[in-house]
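As a plain string of letters, each chain reads:
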Amino acid sequence: MKVLVINAGSSSLKYQLYNMTDESVLAKGLVERIGMDSSILTHKPTGREDVTEVSEILEHTTAIRKVIDMLTDKENGVLGSVDEIQAVGHRVVHGGEAFKESALVDDVAKAEIRRLFDLAPLHNPAAMMGIRAAELNMPGVPQVMVFDTAFHQTMPEKAYLYAIPRVLYKKYKVRRYGAHGTSHDYVSKAAAEYLDRPLQDLKIITCHVGNGGSVTAVKGGLSVDTSMGMTPLEGLMMGTRSGDLDPAIVPYVMNKEELSVSEVNSMLNKHSGLLAISGISSDMREITEGMENGDANSTLAFEMYEYRLRKYIGSYAAAMNGVDVIVFTAGVGENSVVLRQKVCEQLTYLGVELDEALNAIRSGEPRRITTSNSKVDVLVVPTNEELVIARDTHRIVLNSQ
Ligand SMILES: Nc1ncnc2c1ncn2[C@@H]1O[C@H](COP(=O)(O)OP(=O)(O)O)[C@@H](O)[C@H]1O
Ligand SMILES: CC(=O)OP(=O)(O)O
Ligand SMILES: [Mg+2]
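Residues numbered from 1 in each chain as written. Chains lettered and ligands numbered in written order. Predicted model: local features only at pLDDT ≥ 70, side-chain atom pairs only at ≥ 80, totals over all residues. Heavy atoms only, no water.

Asker: Please explain the overall build of the chain as it appears in this structure.
Answerer: Along the backbone of the chain there are 15 helices and 14 strands. Relative to the globule expectation of 21 Å for 401 residues, the C-alpha radius of gyration of the chain, 21 Å, shows essentially globular dimensions. Across its three principal axes, the chain shows a C-alpha extent of roughly 60 × 55 × 45 Å. Burial status across the chain gives 52% buried among its 401 residues. The long-range fraction of contacts in the chain, counting pairs at least 24 apart against all pairs at least 6 apart in sequence, stands at 62%. Of the side-chain charges in the chain, 41 are positive and 52 negative, and the distance between the mean point of each set is 5 Å. (Helix = DSSP H or I, 4+ residues; strand = E, 2+ residues; numbered from the N terminus. Rg over C-alpha atoms; globule rule 2.2 N^0.38 Å. Buried < 20%, exposed > 50% of the residue type's maximum accessible area, 1.4 Å probe, protein only. Contact = heavy atoms within 4.5 Å. Lys, Arg positive; Asp, Glu negative; His and termini not counted. Charge placed at Lys NZ, Arg CZ, Asp CG, Glu CD.)

Spelled out as structure tokens, the structure:
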């Protein structure tokens, strides 16, 4: 079965085409700047040269049509016809309490996702545009939704409830849901496999730090706590998101600056984090460069980011009464040697002993970055959310036939 995996953002759309017979990737790519003047489609057919195409792509339906045109293109394509795509898998960030696992797309499921728009304003509307666009371009092809929140549905009440009037949970389901669950699930399993130890015996802290970021306490293979909350705004400091703050700041600033609900949401989601503190960029590569060049604001942004991540690791070691494995993953976690070094240097109280040479190695494989004496194994495990989505899609579509 050939499965197309789609991860739709508000102005971008990532895709990967899998042949599930051997789980090989036939092609992958990215459409950026959807809705802006010149959109860019970067297509990477496996084993061949990348292709870049600049054109006007005003919305997601056109973006998916361009992707299909590229996948079936005589010169750069990997398919004879669009009919070879037998299923489409979508990343959906928020599945609320309704979805504890991945599910086939139908009218009921779509209505539920729409109800959850408020809870993941940066992500769910985009996922729905991706689903709609795939339906229009590939009518009749089964589609599956894979939720970031599903893995965290095992959290106990004491971790997912907020200490606010309980009526808010009863009426509006205000609670912690978490995100990046597909990634936390994948890297915790991959870590146990790499160490050749049973997952059910391990206390693992997974740090998914990319553009968005979250930390999860995984005990015996189950998520028992995670740093993202009702929405993907809580927890770590991120590229453009504030992460944790005193909730009283919100009404205070709204009052002083006469901000509307949507303005304050936008401030905290899009104009905060690394971008706000550095005044330069939301991208950790530019922050690191600024720091190396002695820029004080970049240095402060990096220090705050690292400090807050390290505090979550300590907190989850406390939550699980110990930790056996710490995993770094996603764009920053997999690539930033300096972030991992700074975090690990201050975890000696847990018995972490970093091996600087191992930490400096760049590779796409799971690897250990601590010495053999270290009480805690610290690993870098490249995440693969798309593969998990392809596997779930394949299984669910086969079972439904
Ligand atoms: N070599 C690197 N050093 C530091 N940060 C990096 C490096 N490469 C990528 N990143 C960071 O990874 C981020 C993207 O991570 P990713 O997991 O792909 O995010 P998302 O899935 O949210 O788009 C970039 O914003 C960048 O800050
Ligand atoms: C939920 C979330 O923050 O996702 P991303 O990291 O892809 O923005
Ligand atoms: Mg991501």
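Asker: I'm lost on the site of ligand 2 in this one. Help?
Answerer: Neighbouring ligand 2 are R91, V93, H123, D148, A179, H180, G212, M228, P232 and R241. Between ligand 2 and H123 there is a distance of 3.0 Å, counted from an oxygen atom to a side-chain nitrogen or oxygen. G212 is positioned such that a nitrogen or oxygen atom in its backbone is 3.3 Å from an oxygen atom of ligand 2. Relative to its free-state accessible area of 260 Å², ligand 2 is covered by the protein chains to the extent of 85%. Among the residues making up the shell around ligand 2, the classes are represented as 4 nonpolar, 3 polar and 3 charged. (Near = heavy atom within 4 Å. Polar contact = N/O pair within 3.5 Å; in protein donor to acceptor, adjacent residues only side chain to side chain. Areas by Shrake-Rupley, 256 points an atom, 1.4 Å probe, with all protein chains shown as cover. Nonpolar A, V, L, I, M, F, W, Y, C, P; charged D, E, K, R; others polar.)

Asker: Help me out: how do you make sense of the site of ligand 1 in this one?
Answerer: Around ligand 1, the neighbouring residues are K14, G210, N211, G212, D283, M284, R285, A330, G331, V332, N335 and S336. Within the side chain of D283, an N or O atom sits 3.0 Å from an oxygen atom of ligand 1. Interatomic distance of 2.7 Å between a backbone N/O atom of M284 and an oxygen atom of ligand 1. Considering ligand 1 on its own, with 580 Å² of exposed area, one finds that the protein chains cover 70% of that surface. If you list the elements that add at least two residues to the shell around ligand 1, you get α10 (284-292) and α12 (330-335). Per-element accounting of the shell around ligand 1 gives the leading share, 4 residues, to α12. The class makeup of the residues in the shell around ligand 1 is 3 nonpolar, 6 polar and 3 charged.

Asker: Can you walk me through the packing of helix α11 (residues 296-319) against helix α13 (residues 337-345) in this structure?
Answerer: Helix packing geometry: the angle between the two helix axes and the distance between the axes. Between α11 and α13, whose axes approach to 10 Å, the crossing angle comes to 50°. Taken together, the axis directions place α11 and α13 in an arrangement best described as oblique. Of the two possible hands of crossing, α11 and α13 adopt the one that is right-handed. Contacts between α11 and α13 involve F302, Y305, E306, L309, R310 and I313 from the former and V338, L339, K342 and V343 from the latter. Split by residue class, the contact of α11 with α13 holds 7 nonpolar, no polar and 3 charged. (Axes fitted to C-alpha atoms, helices over the stretch in contact; angles between N-to-C directions. Parallel < 35°, antiparallel > 145°, perpendicular 65-115°, else oblique. Left-handed = near helix turned anticlockwise from the far one by under 90°.)

Asker: Looking at this structure, how should I read the nonpolar core?
Answerer: The tendency in soluble globular proteins is for nonpolar side chains to be buried as a group. The biggest cluster of nonpolar side chains holds 35 residues, and the ones touching the most others in it are I205, L309 and I326. If sequence neighbours within four positions are ignored, L309 has contacts with C207, V209, V215, L236, F328, L339 and V343. Core analysis: the second largest hydrophobic core is formed by 25 residues, L13, A27, I85 and V88 among them. (Core = buried A, V, L, I, M, F, W, Y, C linked by side-chain atoms within 4.5 Å.)

Asker: What should I look at first to understand unusual backbone geometry in this one?
Answerer: Note: most peptide bonds trans; most residues except glycine with negative phi. A positive phi angle is found at D196, which is not glycine, with a value near 55°. Within the secondary structure, D196 sits in the loop between α6 (181-195) and β9 (203-209). Classification of D196 by relative accessible area gives exposed; the value is 68%.

Asker: Can you walk me through the sheet that holds strand β12 (residues 325-329) in this structure?
Answerer: Hydrogen bonds along the backbone pair up the strands of a sheet, which may run parallel or antiparallel. Pairing is mixed across the open sheet formed by 6 strands, whose spatial order is β11-β10-β9-β12-β14-β13. One side of each edge strand has no neighbouring strand; the edge strands of this open sheet are β11 (222-226) and β13 (367-368). In the packing of α11 onto the sheet, the strands contacted are β9, β10 (213-219), β11 and β12, and the crossing angle to β9 comes to about 160°. (Pairing = 2+ DSSP bridges.)

Asker: Sorry if this is basic, but what is going on with the sheet that holds strand β5 (residues 51-55) here?
Answerer: Taken in spatial order, the 8 strands of this open sheet run β5-β4-β3-β2-β1-β6-β8-β7, and their pairing is mixed. Of all the strands in the sheet, the pair left with one neighbour each is β5 and β7 (103-104). One ladder, built from 5 bridges, connects strand β4 (residues 39-45) with β5; its direction is antiparallel. Bridge assignment links T42 to a residue of β5, and that residue is T52.

Asker: How should I be thinking about the confidence of the model for the chain in this particular structure?
Answerer: Parts of the model with low pLDDT should not have their predicted coordinates read in detail. Averaged over every residue, the pLDDT of the chain is 96; residues scoring 70 or more account for 100%. Interface confidence for the predicted complex, expressed as ipTM, amounts to 0.98; the pTM equals 0.94. (pLDDT = per-residue confidence, 0-100.)

Asker: Even after reading the chapter, I still don't get the state of the cysteines, so can you show me in this structure?
Answerer: Should the sulfur atoms of two cysteines be covalently bonded, the bond is a disulfide. Within this structure, the stated rule accounts for 0 disulfides. Of the cysteine sulfurs around C344, a residue in no disulfide, the closest is that of C207, at 9.0 Å. (Disulfide = S-S within 2.5 Å.)

Asker: What's the story with the pattern of salt bridges in this structure? I'm lost.
Answerer: A side chain with one charge may pair with a side chain of the opposite charge, provided their charged atoms come close. Enumeration over the complete set of coordinates arrives at 17 salt bridges. Between E97 and K173 there is a salt bridge whose closest N-O contact spans 3.0 Å. You can see E97 sitting in the loop between β6 (85-92) and β7 and its partner K173 sitting in the loop between α5 (167-172) and α6, a full 76 residues away along the chain. The partner of E112 in a salt bridge is R115, and the shortest N-O contact between them spans 2.6 Å. Of this pair, E112 and R115 are both found in helix α2 (residues 107-115), 3 residues apart, which corresponds to roughly one turn of the helix. One salt-bridge network, in which partners are shared between bridges, spans D107, K110, R132 and E135. (Salt bridge = Lys/Arg side-chain N within 4 Å of Asp/Glu carboxyl O.)

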